[in-house]
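Architecture at a glance
So you can see what is in the structure, the chains are spelled out below.
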Amino acid sequence: PYERQVVDLEREVREVLADAVPADVWRAPFVGPESAFRNKAKLVVAGTRDAPTFGILDADRRGVSLPECGLYEPRLAAALDGLLPAVAELGLTPFDVPGRQGELKHLIVTGSPDGELMARFVLRSPGQMGRVERGLDLLRKAAPGLRVVSVNLQPEHKAVLEGEEEVVLTPADTLPMRVGEIVFHLRPRSFFQTNTTVAAGLYRQAREWVARLDPASVLDLYCGVGGFALNAAVAKGDHLRRVEGVEVAPDAVESARRSAAELGVAADFRVGDAGALDAVDHELVVVNPPRRGIGAPLCAAIERAVPAHVIYSSCNARSLAADLAALPGYRVTRARLFDMFPQTQHHEVAVLLKRR
């Protein structure tokens, strides 16, 4: 039962973090729907040109159809049902991995809270791009709300979902993702949490912490499209808060800047490697790194800079435990589990650190 899953997951995460996180600082886990929660579908396209399938690869690297999936939000699931016959009508040949033949490798579809969609066609070569472009009206009819359509080129035969080159075929090049009063702008290659409900809960929690601390300045490292930074900028307080974000992906930085301009907040975003930062001049630092964590060099930089507080959002309790051990000048005062990925042992954990 899902309730038991959450209890077990929290116990496991607490055990991993027991040396750094006192038992009395944990808040109750934040959970959303146990199914139909995922806002993005990453699908292997297989079958034949006339009868394609959407699904995954089996152990022999052949496509397996998944006609129904309990993970997807209802509107996303309905869009996939409409896109399947539309892909057949486009006349794109699905890529056969063992045979190394065909063109269409993957279809990646993202849905927004307002019912709009972004569809990305991952092709082996640009030769079939024209079929997708000529079929835009067909795709829009098949999936009402389709706002952004792009082609991603992945010519290499390796286990990588997408390539480096992306060509947007529609006038709109971003998918607006409204979370509360903030509208994030997702470009095709932008990262966003795939569970919108739980992501909203995570951002609200961080905003509550920021409002209570009321720092004059906030630095958001690994800021992506600005989730934590923008919530920090709108958090209530007496200060006219200075907010900065650092992210290695230029598209994400451009999106964050657009959202900040729409909100009318003083938030500055720049392209940079957060892990290589050697100087920090802010009262509060927020980090939301990939699974590997922030690592010893950035921990050392934070220790040298002595910000009053750190908010750490982690998708890997083990790397979080290692990073907390490398931050001896801080103690954890709040912690909370967010079940971002129901039915799995994956997790998101947010902790608030205070300078000793």
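Above this text you will find the structure in question.
Presented here is an overview of the structure given in this document. In this text the structure is predicted, and so the values were computed from the model without any measurement.

Observations regarding a nonpolar patch on the surface
- Residues Ile56, Val64 and Leu66 make up a contiguous nonpolar surface patch of roughly 220 Å² in combined accessible area.
- Within the element layout of this structure, leucine 66 appears in the loop between β3 (63-65) and α2 (74-90).
- Among the residues examined, leucine 66 registers a relative accessible area of 38% and is labelled partly exposed.

Considering the packing of helix α5 (residues 196-213) against helix α6 (residues 227-234)
- Contact pair α5 / α6: the axes reach a minimum separation of 9 Å and the direction vectors enclose 45 degrees. The angle between the axes of α5 and α6 places the two elements in the oblique class. Considering the relative orientation of α5 and α6, their crossing is right-handed. Contacts between α5 and α6 involve Leu202, Tyr203, Ala206, Arg207 and Val210 on the former and, on the latter, Gly227, Phe228, Asn231, Ala232 and Val234.
- Of the residues contributing to the contact of α5 with α6, the split by class is seven nonpolar, two polar and one charged.

So, the environment of glycine 293
- Its place among the elements puts glycine 293 in the loop between β13 (284-287) and α8 (295-305).
- Along the chain, glycine 293 and leucine 320 lie 27 residues apart, while their C-alpha atoms are 6.2 Å from each other.
- Among residues more than four places away in sequence, those in contact with glycine 293 are Tyr222, Tyr312, Ser319 and Asp323.

A word on the state of the cysteines
- In this structure the tally under the stated criterion is zero disulfides.
- Counting only cysteine sulfurs, cysteine 315 is the nearest neighbor of cysteine 223, a cysteine outside any disulfide, at a range of 16 Å.
- You can call cysteine 223 buried: its relative accessible area is 5%.
- Its sulfur unpaired, cysteine 315 is 15 Å from the next cysteine sulfur, which belongs to cysteine 299.

Digging into the pattern of salt bridges
- Scanning all chains against the criterion turns up 20 salt bridges.
- One salt bridge in this structure joins glutamate 244 and arginine 242, with 2.8 Å as the shortest N-O distance.
- Given a relative accessible area of 15%, glutamate 244 falls into the buried group.
- The partner of arginine 355 in a salt bridge is glutamate 303, with the nearest N and O atoms 3.1 Å apart. Here arginine 355 is found in strand β16 (residues 348-355), whereas its partner glutamate 303 is found in helix α8, with 52 residues between them in sequence.
- We classify arginine 355 as partly exposed; its relative accessible area is 27%.
- Each of Arg120, Glu162, Glu164, Glu166 and Arg189 takes part in one network of salt bridges that share partners.

Criteria and thresholds
- Residues numbered from 1 in each chain as written.
- Predicted model: local features only at pLDDT ≥ 70, side-chain atom pairs only at ≥ 80, totals over all residues.
- Heavy atoms only, no water.
- Patch = residues over 30% accessible without salt bridge, like charges linked within 9 Å, V, L, I, M, F, W, Y side chains within 5 Å.
- Areas by Shrake-Rupley, 256 points an atom, 1.4 Å probe, with all protein chains shown as cover.
- Salt bridge = Lys/Arg side-chain N within 4 Å of Asp/Glu carboxyl O.
- Helix = DSSP H or I, 4+ residues; strand = E, 2+ residues; numbered from the N terminus.
- Buried < 20%, exposed > 50% of the residue type's maximum accessible area, 1.4 Å probe, protein only.
- Axes fitted to C-alpha atoms, helices over the stretch in contact; angles between N-to-C directions.
- Parallel < 35°, antiparallel > 145°, perpendicular 65-115°, else oblique.
- Left-handed = near helix turned anticlockwise from the far one by under 90°.
- Contact = heavy atoms within 4.5 Å.
- Nonpolar A, V, L, I, M, F, W, Y, C, P; charged D, E, K, R; others polar.
- Disulfide = S-S within 2.5 Å.

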